[in-house]
Amino acid sequence: MNFDFSEEQTMLRDSVARFVQDDYDFDTRRGIVATEEGMSRAVWQTFAELGWLSVPFAEEYGGFGGGPVDLMVMMEEFGKGLIVEPYFATVVMFGGLLNAAGSEAQKAEYIPGIIEGSRLGAFAYLERQGRYELADVLTTATANDGGFVLNGEKVVVSNGMNADTLIVAARTSGEQFDRNGISLFVVDATAHGVERVSYRLMDGQNVANITFKDVSVGADALLGQLDGGYAAIDQVVQEGIVALCGEAVGLMGQLNSKTLEYTKTREQFGVVISSFQALQHRMVDTFMSYEQAKSMLYRAVCALENGDADLRRELHALKVMTHKCGKHIFEEAIQLHGGMGLTDELDIAHYAKRLMMINATFGDRDHHQTQFNALSYGSKATDNVASMSDAA
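Residues numbered from 1 in each chain as written. Predicted model: local features only at pLDDT ≥ 70, side-chain atom pairs only at ≥ 80, totals over all residues. Heavy atoms only, no water.

(A) Highlighting the overall build of the protein. Assigned secondary structure in the protein consists of twelve helices and ten strands. At 21 Å, the protein has a C-alpha radius of gyration in line with the 21 Å of a compact globule built from 392 residues. Referenced to the eigenvectors of the C-alpha coordinate spread, the extents of the protein come out at roughly 80 × 55 × 40 Å. Classification of the 392 residues of the protein by burial places 53% in the buried group. Sequence separation of 24 or more characterises 74% of the internal contacts of the protein that already satisfy a separation of 6 or more. Split by element, the accessible area of the protein, about 17600 Å² in all, is 50% carbon and sulfur. Averaged over its 31 positive side-chain charges, the protein has a centre that lies 6 Å from the centre of its 54 negative ones. (Helix = DSSP H or I, 4+ residues; strand = E, 2+ residues; numbered from the N terminus. Rg over C-alpha atoms; globule rule 2.2 N^0.38 Å. Buried < 20%, exposed > 50% of the residue type's maximum accessible area, 1.4 Å probe, protein only. Contact = heavy atoms within 4.5 Å. Areas by Shrake-Rupley, 256 points an atom, 1.4 Å probe, with all protein chains shown as cover. Lys, Arg positive; Asp, Glu negative; His and termini not counted. Charge placed at Lys NZ, Arg CZ, Asp CG, Glu CD.)

(B) Seen up close, the packing of helix 4 (residues 68–81) against helix 8 (residues 277–306). Packing of helix 4 against helix 8 brings their axes to within 9 Å, and their N-to-C directions diverge by 150°. The angle between helix 4 and helix 8 places the two elements in the roughly antiparallel class. Between helix 4 and helix 8, the contacting residues are Pro68, Val69, Met72 and Glu76 on the first element and Tyr290, Leu297, Tyr298, Val301, Leu304 and Glu305 on the second. Its residues placed into classes, the contact of helix 4 with helix 8 shows eight nonpolar, no polar and two charged. (Axes fitted to C-alpha atoms, helices over the stretch in contact; angles between N-to-C directions. Parallel < 35°, antiparallel > 145°, perpendicular 65-115°, else oblique. Nonpolar A, V, L, I, M, F, W, Y, C, P; charged D, E, K, R; others polar.)

(C) Representation of the pairing of strand 7 (residues 206–218) in the model. Two elements, strand 3 (residues 147–158) and strand 7, share nine bridges in a ladder whose sense is antiparallel. For lysine 154, the partnering residue across the bridge sits in strand 7 and is isoleucine 210. (Pairing = 2+ DSSP bridges.)

(D) Region of the structure containing the packing of helix 8 against helix 9 (residues 311–337). Two elements in contact, helix 8 and helix 9, have axes separated by 9 Å at closest approach and are oriented at 155°. One finds that helix 8 runs roughly antiparallel with respect to helix 9. With respect to the hand of their crossing, helix 8 and helix 9 are arranged in left-handed fashion. Residues of the contact of helix 8 with helix 9, tallied by class, amount to 17 nonpolar, five polar and five charged. (Left-handed = near helix turned anticlockwise from the far one by under 90°.)

(E) Structural detail: the pairing of strand 2 (residues 140–144). Note: strand 2 against strand 3, five bridges, orientation antiparallel. Bridge pairing in strand 3 places threonine 140 opposite asparagine 151. Hairpin connection from strand 2 to strand 3: two residues lie between these consecutive antiparallel strands, with aspartate 145 at a positive phi of about 50°.

(F) Here's a closer look at the side chain of asparagine 359. Inspection of the secondary structure assignment puts asparagine 359 in helix 10 (residues 347–360). Residue asparagine 359 is classed as buried on the basis of its relative accessible area, which comes to 6%.

(G) Seen up close, the packing of aromatic side chains. Throughout the structure, instances matching the rule amount to 14 aromatic pairs. An angle of 80° between the planes, with centres 5.7 Å apart, marks the rings of phenylalanine 19 and phenylalanine 47 as edge-to-face. One end of the pair, phenylalanine 19, is in helix 1 (residues 7–23); the other, phenylalanine 47, is in helix 3 (residues 41–49), with 28 residues separating them in the sequence. In this structure, phenylalanine 19 and phenylalanine 47 share a single accessibility class: buried. Both rings, one in tyrosine 125 and one in phenylalanine 362, keep their centres 5.9 Å apart while their planes meet at 35°; by these two values the pair is tilted. Residue tyrosine 125 is located in the loop between strand 1 (121–124) and strand 2, and its partner phenylalanine 362 is located in the loop between helix 10 and helix 11 (365–377); the two are separated by 237 residues in the primary sequence. (Phe/Tyr/Trp six-rings, centres within 6.5 Å; stacked < 30°, edge-to-face > 60°.)

(H) Spotlight on the environment of aspartate 178. By the secondary structure assignment, aspartate 178 is in the loop between strand 4 (165–171) and strand 5 (182–188). As for aspartate 178 and glutamine 238, which are separated by 60 residues in sequence, their C-alpha atoms are 19 Å apart. If sequence neighbours within four positions are ignored, aspartate 178 has contacts with Ala135 and Arg171. A polar side-chain atom of aspartate 178 sits 2.7 Å from the main-chain amide nitrogen of glutamate 175. (Polar contact = N/O pair within 3.5 Å; in protein donor to acceptor, adjacent residues only side chain to side chain.)

(I) Quick peek at the pattern of salt bridges. This model, assessed by the stated rule, comprises 16 salt bridges. Its salt-bridge partner being arginine 354, residue glutamate 247 comes within 2.8 Å of it at the nearest N-O pair. Of this pair, glutamate 247 sits in helix 7 (residues 229–263) while arginine 354 is found in helix 10, placing the two residues 107 residues apart along the sequence. For arginine 354, a relative accessible area of 11% gives the class buried. (Salt bridge = Lys/Arg side-chain N within 4 Å of Asp/Glu carboxyl O.)

Printed below as a string of structure tokens:
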């Protein structure tokens, strides 16, 4: 199978790599994280000028018309640079839902603003009781006077505080865990009744808890079919998993490179520690973990692009492998750097924290291992296979 990138994809990758190298070093990133917004509007506008915000959108809206491979290429380079700007929240998730479920009028209204860099978006889907179950929705949207009234709370909304516009998953019929009965609504983040509380995750990402108290929206705020929002959520989350794991692979590659470079300069007993055979073996092991995660990523992105029947199983396997390999790599990187590997002043700890947050997004290793086992071996074998996997 041919895994070579096209000329356009190579140019896209190189443009992000040059930006990270020339304009987004670790000190710059730390300064951005320390600001109130936790992102740089100037950097975001640079993304727009370079055309990165247009990648997954159709040409008729001013987009590039790219697919999953294009997004993966970019996200991998973003991972290498520890980019904190809300590309994933605004372009991949918010924009992805517009692509998947939006009407022509809604796409024409919102997508050009994303591409120009003037509109920041967020997807509010997670609730306190929901954990990793996307269909666990208690936020309600009640039909009223030709529109809807939203009530409920969403938590850990990525880019929730900076977003101009939200896409909210709310229940319009059915019971708490029913997949049917979930609808999507486009909501102005400054609308009356919307209250936001911002906080930082350990990786520096800015998120928010958002409360909706009798928030009125018109009928045109409905995104897609009434009661049929789950299908769009499921589709975009699949795309999001591939994009996030692309970022994780970029993080793993940088951790390996930085750790290898460090072992070539750190001296112990009068020689550089890279000359110790035991440490050489450990570096080879982390390189193999990186290659395993990268191979699984390429397999999953091909399955996504081709619409393979086994896509769901491939995505579960990708999340399991990303968690396993990422944990191995960042733990070894911290150990080989010694105590300073845990300090805030060294970028190694920040790469590790970002990997940990990616591992917890859309389901951790145990969650996806269970789902993979059920699809591969049947529900009766799930517990036994999970036990064998943990023992291995």
